[in-house]
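# Summary of the model geometry
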Amino acid sequence: MKEAFIRELKRKTLSFMHNAQYLVSRRRMENVFNGYDASTVENPPMKGTKTIAFVITRMVRFHGGQTSVLRLGTRLAQKGMKVLYLIYKPQSTSEMKLCAKANLAGYEGSFASFEAYVSGIGKKYVMPDIIVATSWDTVSYAKKLDTYRMYFVQDYEPYFYPFGEEFLMSRSTYGQGLHMVSLGAWNKMMIEKEAQPVSEIDEVSFPYEAREYPVAERDYDSYKNKKTIVLAVYVKYYGKRLPNLIPYILGNTAKELEKKGITLDVRYFGEAGTYRIPGGKNLGQLTHGELARLYGEADFGMVASMSNISLVPYEMHATGLPLIEFAEGTYPFFFPEGTALLASINDRDISQMLIEAIGDPDRIKSMNEKAGKYMEGLSWERTGDEFYEIIHKAYNAGKA
């Protein structure tokens, strides 16, 4: 009787858990379906180049993608365009501005609720010359406005999800008729290879902000004598950043290094401070100044760029921080050979890689020199100017 009771209790517990998971997933997807439009539209000719509006889900502090949108919008504002950021989820204007300032203190442009702005067109507001989707979930909202529609593609977003509903829905947005502009060439390559685009895809250079991450003073020759290796690791909870694999690899690495009298001091950053990560200290989400200090204190940096590369490898290289990346990711697509230590997702640990690196300071110097040379000329000013030229090229094509 007791065993039967335990079996039944386990069955009911599992059934409850599965049903709870389904309900959570269903409610989340209902929010995704709300306002979703899978139609393909025909882009009207661009009527002007004075006003541009970026559609954003919701402003969030320490958000890399939204920071990039703010940087792009700021550069376009400096070029003379009126820039708007339209938020489609409920959020007060004061909170929008507060979060934006945390991401980019000197941003330019104004904020408004998407719903309030659209309902006020022709009354309080004017139709923007260009509306820009900034993530797959904002495409449906950009299509609500009968004006020239663009799509700033910062990543190949289907890779954010397991194969299923959101994977397929996000992939379909690349074939819905918006003029796409890819941040870097990799997104464009993936869209052309994996999706079914029906409209043009331009690209702009992948940039970074060198002024915020100056070169730190380092003595690479001293690496030979290190008994403690400080490793700054960029972590995010979603799978493309390998949030479970990296702590596993580094846990084994720490054990192997300890056998050789070396301590591995792992400092994670990028995720909320409440995020528990084994085998290291989570510093949480850091400001630009805090990031620069961390990069200056660390001996190596580690990033998993498994989809479109992030800004973090550029920032680390800018400060002269030797970088560990993954060979299976996109880092080799962007940076030339010999600029980073390339690990594999099949590695159980990377202790030998680190020991060889600290024993060869000239190799570390060469890596950073090559990376620095590659990044010469990259900036948000250049990327913004490229986007501005794409806008005017499309405008002139529409007049022809």
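Read on for a plain summary of the structure. (Residues numbered from 1 in each chain as written. Predicted model: local features only at pLDDT ≥ 70, side-chain atom pairs only at ≥ 80, totals over all residues. Heavy atoms only, no water.)

### Some details on the sheet that holds strand β9 (residues 263–269)
Filter applied, for reference: Whether two strands pair comes down to DSSP finding at least two bridges between them. Only DSSP runs of H or I reaching four residues or more are called helices, and only runs of E reaching two or more are called strands; each is numbered from the N terminus. Here a residue-residue contact requires only that any non-hydrogen atoms of the pair lie within 4.5 Å. Axis geometry follows a simple rule: fit a line to the C-alpha atoms, using only the stretch in contact for helices, then measure angles between N-to-C directions, giving values from 0 to 180 degrees.
Taken in spatial order, the six strands line up as β10-β9-β8-β11-β12-β13 in an open sheet, and their pairing is parallel. The outermost strands of the open sheet, each flanked by one partner alone, are β10 (281–282) and β13 (341–343). The pairing of strand β8 (residues 228–234) with strand β11 (residues 300–302) spans three bridges and is classified as parallel. Looking at the pairing, Val 233 lines up with Met 302 of β11. Against the sheet, helix α8 (residues 245–259) makes contact with β8, β9, β11 and β12 (323–326), and its axis sits at roughly 160° relative to β9, the strand it touches most. Strands β8, β9, β11, β12 and β13 of the sheet are contacted by helix α12 (residues 351–358), whose axis makes an angle of about 170° with β13.

### Here's the deal with helix α14 (residues 380–399)
The following threshold applies: Expected helix span is taken as 1.5 Å per residue step, with the number of steps being one fewer than the number of residues. Relative accessible area decides the class of each residue, using a 1.4 Å probe on protein chains only: under 20% of the type maximum gives buried, over 50% gives exposed, and in between gives partly exposed. By construction, the arc corresponds to the directions joining the helix axis to the C-beta atoms.
Relative to the 28 Å expected for 20 residues at 1.5 Å per residue, α14 spans 29 Å between its end C-alpha atoms, a close match to the ideal helical length. All of the buried residues along α14 are Trp 380, Thr 383, Gly 384, Phe 387, Tyr 388, Ile 390, Ile 391, Ala 394 and Tyr 395. Within α14, the buried residues cover an arc of 155° as seen down the axis, which keeps them to one side. Relative to its buried face, α14 has exposed residues pointing more than 90 degrees away, namely Glu 389, Lys 393, Ala 397 and Lys 399. Residues of α14 that are buried make contact with β1 (51–56), α2 (64–78), β4 (130–133), β5 (148–153), β6 (179–183) and β7 (201–204).

### Details of the packing of aromatic side chains
Inclusion rule: The criterion for an aromatic pair is that two Phe, Tyr or Trp rings (for Trp, the six-membered ring) have centres within 6.5 Å, with stacked assigned to planes under 30 degrees apart, edge-to-face to planes over 60 apart and tilted to the rest. When the NZ atom of lysine or the CZ atom of arginine is within 6 Å of a ring's centre and also within 35 degrees of its normal, the charge is said to sit over that ring.
A full pass over the atoms with the stated rule returns 27 aromatic pairs. A ring pair is formed by Phe 152 and Phe 387, whose centres lie 5.9 Å apart and whose planes are at 90°; its orientation type is edge-to-face. On the criterion of sequence distance, the pair formed by Phe 152 in strand β5 and Phe 387 in helix α14 is long-range, its members being 235 residues apart. Both residues of the pair, Phe 152 and Phe 387, belong to the buried class. Each ring, one from Phe 206 and one from Tyr 314, has its centre 5.1 Å from the other, and the planes form 15°; the classification is stacked. Taken together, the residues Phe 206 in the loop between β7 and β8 and Tyr 314 in helix α10 (residues 312–318) connect sequence positions 108 residues apart. The pair Phe 206 / Tyr 314 is uniform in exposure class, with both members buried. The structure contains a cluster of three or more aromatic residues connected by ring pairs, namely Phe 206, Tyr 208, Tyr 314, Tyr 331, Phe 333, Phe 334, Phe 335 and Tyr 374. Over the aromatic face of Tyr 141 sits the side chain of Lys 144, whose NZ or CZ is 5.5 Å from the ring centroid.

### Side note on the packing of α2 against α14
Heads up, the condition is: Geometric relationships in this document are graded by angle, where less than 35 degrees denotes roughly parallel, more than 145 denotes roughly antiparallel, 65 to 115 denotes roughly perpendicular, and other angles denote oblique. Helix crossings fall into two classes, left-handed where the near helix is turned counterclockwise from the far one by less than a right angle and right-handed where it is turned clockwise. Residues are grouped as follows: Ala, Val, Leu, Ile, Met, Phe, Trp, Tyr, Cys and Pro are nonpolar; Asp, Glu, Lys and Arg are charged; all remaining types, including Gly, are polar.
Contact geometry for α2 and α14: axes closest at 9 Å, N-to-C directions at 65°. Compared by their axis directions, α2 and α14 come out roughly perpendicular. For α2 against α14, the interelement crossing comes out right-handed. Residues Ser 68, Arg 71, Leu 72, Arg 75 and Leu 76 of α2 form the contact with α14, whose participating residues are Trp 380, Glu 381, Gly 384, Asp 385, Phe 387, Tyr 388 and Ile 391. Among the residues forming the contact of α2 with α14, the class breakdown is six nonpolar, two polar and four charged.

### As for the pairing of β5
Put simply, the rule is: Here, the term right-handed applies to a crossover whose path from the first strand over the helix to the second runs clockwise when the strands point away from the viewer.
Summarising burial for β5: six of the six residues are buried, a large majority. Burial along β5 is two-sided: Tyr 148, Met 150 and Phe 152 facing one way and Arg 149, Tyr 151 and Val 153 facing the other are all buried. Taken together, the four bridges between β4 and β5 define a ladder with parallel strand orientation. Bridge assignment links Ile 131 to a residue of β5, and that residue is Arg 149. Relative to β6, β5 is paired through four bridges, and the arrangement is parallel. Following the sheet pairing, Met 150 is matched in β6 by His 179. As for the winding sense of the linkage, the β-α-β connection from β5 through helix α6 (residues 165–172) to β6 is right-handed.

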